[in-house]
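A closer look at the structure
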Amino acid sequence: MAPGRLTVVGTGIKLAAHATVEARATIEQADKVHYLVAEPATGQWIRSLNYRARSLHDLFVDGKPRVDIYAEVVERILASVRNGLWVCAAFYGHPGVFVRPAQDALDRARREGHRAEMLPAVSALDCLFADLGIDPGREGAQIAEASELLRRGRVPDTATHVILLQIGLIGLSRHTPRAVSTGGLALLAGMLARHYPGQHPAVVYEAAQYATCAPRIGWATVETLAAAPVSQFTTLWLPPRERPSLDARMVERIAALAVEEHVRA
Ligand SMILES: C[S@@+](CC[C@H](N)C(=O)[O-])C[C@H]1O[C@@H](n2cnc3c(N)ncnc32)[C@H](O)[C@@H]1O
């Protein structure tokens with residue numbers, strides 16, 4: 001059997017509007033499409049592009065450990081690739097941003113000798129930068145999965161933008177549609193309170209999934225975060241608490257580099 005090919009694409013966050021030209025062309029032309037998206041209309045849109053497209057949602061059985069579901073997602077995608085087909089795996093957002101089965105499928109496909117690539121797409125983070133007017137080039141950004149940050153005892157870098165994903169899913173290791181962990185959010189808020197003043201802004205953000213909707217931007221504070229309404233699609237943004245002062249010696253050394261360049265030119 002000739003090797004197969006796997007192309008992992010993202011559909012972006014906003015229905016159809018965020019899909020890149022190359023992602024759309026891949027969905028249209030692939031022999032087989034497996035998709036996992038956040039809402040049904042995107043699934044319909046994918047099926048309108050390719051009648052061979054099939055949802056992976058049936059693998060998401062209530063109460064099943066998420067790691068087991070992800071392993072089955074990878075297995076189903078790989079089974080098609082092993083048949084020598086050009087397979088497109090489509091995930092919502094950017095397929096390389098917090099999508100474990102996408103990366104696992106690519107790794108497995110490569111190890112088994114198939115051609116495999118990922119195409120970039122619009123993620124919730126991209127929407128957040130646009131909707132909240134943040135440019136991470138100024139203060140930098142610390143981006144993490146909320147559970148991982150807590151589990152590993154990492155501390156937020158208060159001099160940068162802190163962006164935490166999956167704040168509604170802390171401690172939920174099984175698939176439970178629409179469930180939100182209020183205990184987990186309280187744990188997170190408690191940890192943040194050790195590093196920020198109570199009145200520090202903590203913004204709960206949901207990018208719009210449809211062109212006719214606005215993003216949800218909920219201004220809470222570190223003190224009120226535990227009671228903020230969140231869903232499985234909420235991302236948290238904390239602006240920097242302070243701007244570090246300049247390192248005078250390093251500023252001088254950098255300035256000297258510029259003089260050197262000038263002299264050389
Ligand atoms: C498994 S990750 C998938 C991220 C996705 N691949 C992306 O590129 O944005 C799920 C997390 O992404 C964030 N997310 C997904 N959809 C979102 C939205 N519409 N608005 C804000 N954050 C979102 C939330 O933090 C959510 O818990």
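Higher on the page you've got the structure.
Overview of the structure. Keep in mind that what you see is a predicted model, and the values were worked out from it rather than measured.

Things to note about empty space enclosed by the protein
In total, this model carries one cavity of 30 Å³ or more according to the counting rule given. Its volume calculated, the largest cavity comes out at about 50 Å³.

Quick notes on the sheet that holds strand β7 (residues 161–165)
Spatially, β6-β7-β10-β8-β9 is the arrangement adopted by the five strands of the open sheet, whose pairing is mixed. Edge positions in the open sheet fall to β6 (141–145) and β9 (216–221), since each of these has one partner strand only. Taken over all neighbouring pairs, the strand axes of this sheet differ in orientation by 20 degrees on average, direction set aside. Sheet topology places β7 next to strand β10 (residues 235–238); three bridges connect them, and they run antiparallel. Among the inter-strand pairings, valine 162 is bridged to a residue of β10, identified as leucine 238.

Side note on the environment of alanine 193
Mapped onto the secondary structure, alanine 193 falls in helix α8 (residues 182–193). When the C-alpha atoms of alanine 193 and glutamate 223 are compared, they prove to be 7.1 Å apart, with 30 residues separating the residues in sequence.

Considerations on the pairing of β10
Going residue by residue along β10, you find Thr235 and Trp237 tucked away on one face and Leu236 and Leu238 tucked away on the opposite face as well. In this sheet, β10 lies alongside strand β8 (residues 201–206) in antiparallel orientation, the contact comprising three bridges. Across the sheet, the residue bridging to tyrosine 205 is threonine 235, located in β10.

Describing unusual backbone geometry
The phi dihedral of alanine 16 is positive, around 60 degrees, even though this residue is not glycine. As for its placement among the helices and strands, alanine 16 is situated in the loop between β1 (5–10) and α1 (21–29). One non-glycine residue, phenylalanine 98, lies in the positive phi region at around 60 degrees. On the secondary structure map, phenylalanine 98 appears in the loop between β4 (86–91) and α4 (100–111).

Points about the packing of helix α3 (residues 66–82) against α4
Running from amino to carboxyl end, α3 crosses α4 at an angle of 40 degrees, the nearest separation of the two axes being 9 Å. By the angle between their directions, the pair α3 and α4 is classed as oblique. Crossing handedness for the pair α3 and α4: right-handed. Where α3 abuts α4, its residues Val67, Tyr70, Val73, Val74, Glu75, Ile77, Leu78 and Arg82 lie against Arg100, Pro101, Asp104, Ala105, Arg108 and Ala109. Its residues assigned to classes, the contact of α3 with α4 comprises nine nonpolar, no polar and five charged.

Observations regarding the site of the ligand
Around the ligand lies a shell of 18 residues, among which His94, Ala124, Ala207, Gln232 and Thr235 are the nearest. Valine 97 places a polar main-chain atom, nitrogen or oxygen, 2.8 Å from a nitrogen atom of the ligand. Within the backbone of threonine 234, an N or O atom sits 3.0 Å from an oxygen atom of the ligand. For the ligand, the accessible surface in isolation is 570 Å², of which the surrounding protein chains cover 94%. Comparing atom positions with the cavity grids shows the ligand to sit within the largest pocket. Across the shell around the ligand, the residue classes tally to 10 nonpolar, seven polar and one charged. Each of domain 1 (5–118) and domain 2 (124–238) gives at least three residues to the shell around the ligand.

Section: the packing of aromatic side chains
Within this structure, the stated rule accounts for two aromatic pairs. Centre to centre, the rings of tyrosine 92 and phenylalanine 233 are 6.1 Å apart; their planes meet at 70 degrees, and the pair counts as edge-to-face. Remark: phenylalanine 233 occurs in the loop between β9 and β10 and tyrosine 92 occurs in the loop between β4 and α4; sequence separation between them is 141 residues. Owing to a relative accessible area of 36%, tyrosine 92 belongs among the partly exposed residues under this scheme. Ring centres 6.0 Å apart and planes at 80 degrees place the aromatic pair tryptophan 219 and tryptophan 237 in the edge-to-face group. Of this pair, tryptophan 219 sits in strand β9 while tryptophan 237 is found in strand β10, placing the two residues 18 residues apart along the sequence. Its relative accessible area of 59% is what places tryptophan 219 among the exposed residues. Of the residues examined, tryptophan 237 reaches a relative accessible area of 7% and is grouped as buried.

The rules behind the values
Residues numbered from 1 in each chain as written. Predicted model: local features only at pLDDT ≥ 70, side-chain atom pairs only at ≥ 80, totals over all residues. Heavy atoms only, no water. 1 Å grid on protein atoms, 1.4 Å probe; cavity = no way out; pocket = protein on both sides within 12 Å on 5 of 7 lines; lining within 4 Å. Points joined across faces, edges and corners; volume = space filled by probe spheres on them. Pairing = 2+ DSSP bridges. Helix = DSSP H or I, 4+ residues; strand = E, 2+ residues; numbered from the N terminus. Axes fitted to C-alpha atoms, helices over the stretch in contact; angles between N-to-C directions. Buried < 20%, exposed > 50% of the residue type's maximum accessible area, 1.4 Å probe, protein only. Parallel < 35°, antiparallel > 145°, perpendicular 65-115°, else oblique. Left-handed = near helix turned anticlockwise from the far one by under 90°. Contact = heavy atoms within 4.5 Å. Nonpolar A, V, L, I, M, F, W, Y, C, P; charged D, E, K, R; others polar. Near = heavy atom within 4 Å. Polar contact = N/O pair within 3.5 Å; in protein donor to acceptor, adjacent residues only side chain to side chain. Areas by Shrake-Rupley, 256 points an atom, 1.4 Å probe, with all protein chains shown as cover. Sits in = over half its atoms within 2 Å of the grid points. Domains from an automatic or database assignment. Phe/Tyr/Trp six-rings, centres within 6.5 Å; stacked < 30°, edge-to-face > 60°.

Any functional reading would require information beyond the geometric quantities listed.
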